[in-house]
Amino acid sequence: MPVPDSVTAKLKRAREHMQTVKRMVDAFIKTNPYAVGRDLEDEGAKHLYRFTRYTEVPPKIGLRVGDAVHNLRSSLDHLAFALANKGAEAQGITMSLKDETGVQFPIVSTPDKFKDQIDRGRLKYVDAGAVNEICLLQPFRLGANYAHDRLFLISELDNADKHRKLAASACVVYLDTDMVPHNVPMPKITFPPSQWGLGAVVVAFVFPTPQPEMDMHFDPPFSVALEDAWPPKRPIHDVLRGYIEYVEKYIVTPLANQFL
């Protein structure tokens, strides 16, 4: 059976929101919201580039990111419902309203939490083979690194957007180390330990010897990123695209092909 129509519609809507996010970010960046200037420390061995202009990302971008993430998360719940409905029909059972409202695609950080989700009927009537495959997809397969799993990140973004705050976002800087002259020793590149803002250090170039006369004319291009890692390095639309492609390629399509 092909991917259920509702799942396809949810993924399509997530992708449309992602494309809109890119257009909104491009328009925002055209307003020149950021600029940097250089400060020297340690007799010129340390070159600090600070924000001399910093504009917060408009909330409407966070709203649109939340819409994309919600549709992506919802596509998984629609998939779980299709699997449960097929399993019920195979047993000659008509799902009750309570059964239907209890179905959900689990995304959890420990095996015990997954068992609890099963006990609560999240995958009631779903084929045992599909339940096992869903278990193998869980963030806890990464052990202590579960918070880096894409499903976990999607779930956390969706929960935060629904209950606590807009999708957090910040600017991202594209660094080009080729701007260091070849006759100058390569510096150590470090990033600030805290959030960005007016006057905050974007990046520090620390040379082994003082280089006060050298100006790299650091004028990087900017974009907007999710604050799911620090410093943020990937444009927000690239992150969303990666999440959508992961869910579609490695979760929705294999489960639908094998169990629907």
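Preceding this paragraph is the structure being described.
Each chain has its residues counted from 1, running along the sequence as written. Given that this is a predicted model, residues contribute local features only at a pLDDT of at least 70 and side-chain atom pairs are listed and counted only at 80 or more, while totals for whole chains, interfaces and linings are drawn from all residues. No hydrogens and no water enter the side-chain calculation; it runs on all heavy atoms of the structure.

K.L.:
Quick question: what am I supposed to make of the packing of aromatic side chains here?
P.N.:
Any pair of aromatic rings gets described here by the distance separating the centres and the angle formed by the planes. Ring pairs shown here join Phe, Tyr and Trp side chains whose ring centres sit within 6.5 Å, with only the six-membered ring taken for Trp; geometry is labelled stacked below 30 degrees between planes, edge-to-face above 60, and tilted in between. Scanning the entire structure with this criterion turns up 13 aromatic pairs. Their ring planes at 55° and their centres at 5.2 Å tell us that Tyr-34 and Tyr-54 sit as a pair that is tilted. Taken as a pair, Tyr-34 in strand 1 (residues 34-41) and Tyr-54 in strand 2 (residues 46-54) lie far apart in primary sequence, 20 residues in all. The class of Tyr-34 is buried, set by a relative accessible area of 6%. A simple rule labels every residue: compare its accessible area, found with a 1.4 Å probe on the protein chains alone, to the largest value its type can have, and call it buried under 20%, exposed over 50%, or partly exposed in between. The class for Tyr-54 is buried, based on a relative accessible area of 16%. Ring geometry for Phe-51 versus Phe-222: centroids 6.2 Å apart, planes at 35°, classification tilted. What counts as a helix is a DSSP run of H or I of at least four residues, what counts as a strand is a run of E of at least two, and both are numbered from the N terminus.

K.L.:
Explain the nonpolar core here, please?
P.N.:
For soluble globular proteins, the rule of thumb is that nonpolar side chains tend to be buried together. In this structure, Phe-51, Val-65, Phe-105, Val-247 and Ile-251 are the most contacted members of the largest nonpolar core, which totals 74 residues. Here a residue-residue contact requires only that any non-hydrogen atoms of the pair lie within 4.5 Å. Setting aside anything within four residues of it in sequence, one finds Ile-251 in contact with Leu-76, Leu-79, Phe-105, Leu-137, Leu-151 and Tyr-246. Nonpolar core, defined: a set of buried Ala, Val, Leu, Ile, Met, Phe, Trp, Tyr and Cys residues in which side-chain atoms within 4.5 Å join the residues together.

K.L.:
Please explain the packing of helix 1 (residues 5-29) against helix 7 (residues 236-259) as it appears in this structure.
P.N.:
The axes of two packed helices give the description: the angle between them and the distance between them. Axis definition: a line fit to C-alpha positions, over the contact stretch in the case of helices; interaxial angles, taken between N-to-C directions, run 0 to 180 degrees. Contact pair helix 1 / helix 7: the axes reach a minimum separation of 9 Å and the direction vectors enclose 165°. Comparing their axes, helix 7 and helix 1 come out roughly antiparallel. Handedness of the crossing formed by helix 1 with helix 7: left-handed. Counted together, Val-7, Leu-11, Ala-14, Arg-15, Met-18, Val-21, Lys-22 and Val-25 of helix 1 and Ile-236, His-237, Leu-240, Arg-241, Ile-244, Val-247, Glu-248 and Val-252 of helix 7 form the full contact between these two elements. Class assignment for the residues of the contact of helix 1 with helix 7 results in 11 nonpolar, one polar and four charged. Orientation categories follow fixed angle ranges, with anything under 35 degrees roughly parallel, anything over 145 roughly antiparallel, 65 to 115 roughly perpendicular, and all other angles oblique. Crossing handedness follows the turn of the near helix against the far one: under a right angle anticlockwise gives a left-handed crossing, and clockwise gives a right-handed one. Residue polarity is assigned by list, with Asp, Glu, Lys and Arg as charged and Ala, Val, Leu, Ile, Met, Phe, Trp, Tyr, Cys and Pro as nonpolar; anything else, Gly included, falls into the polar class.

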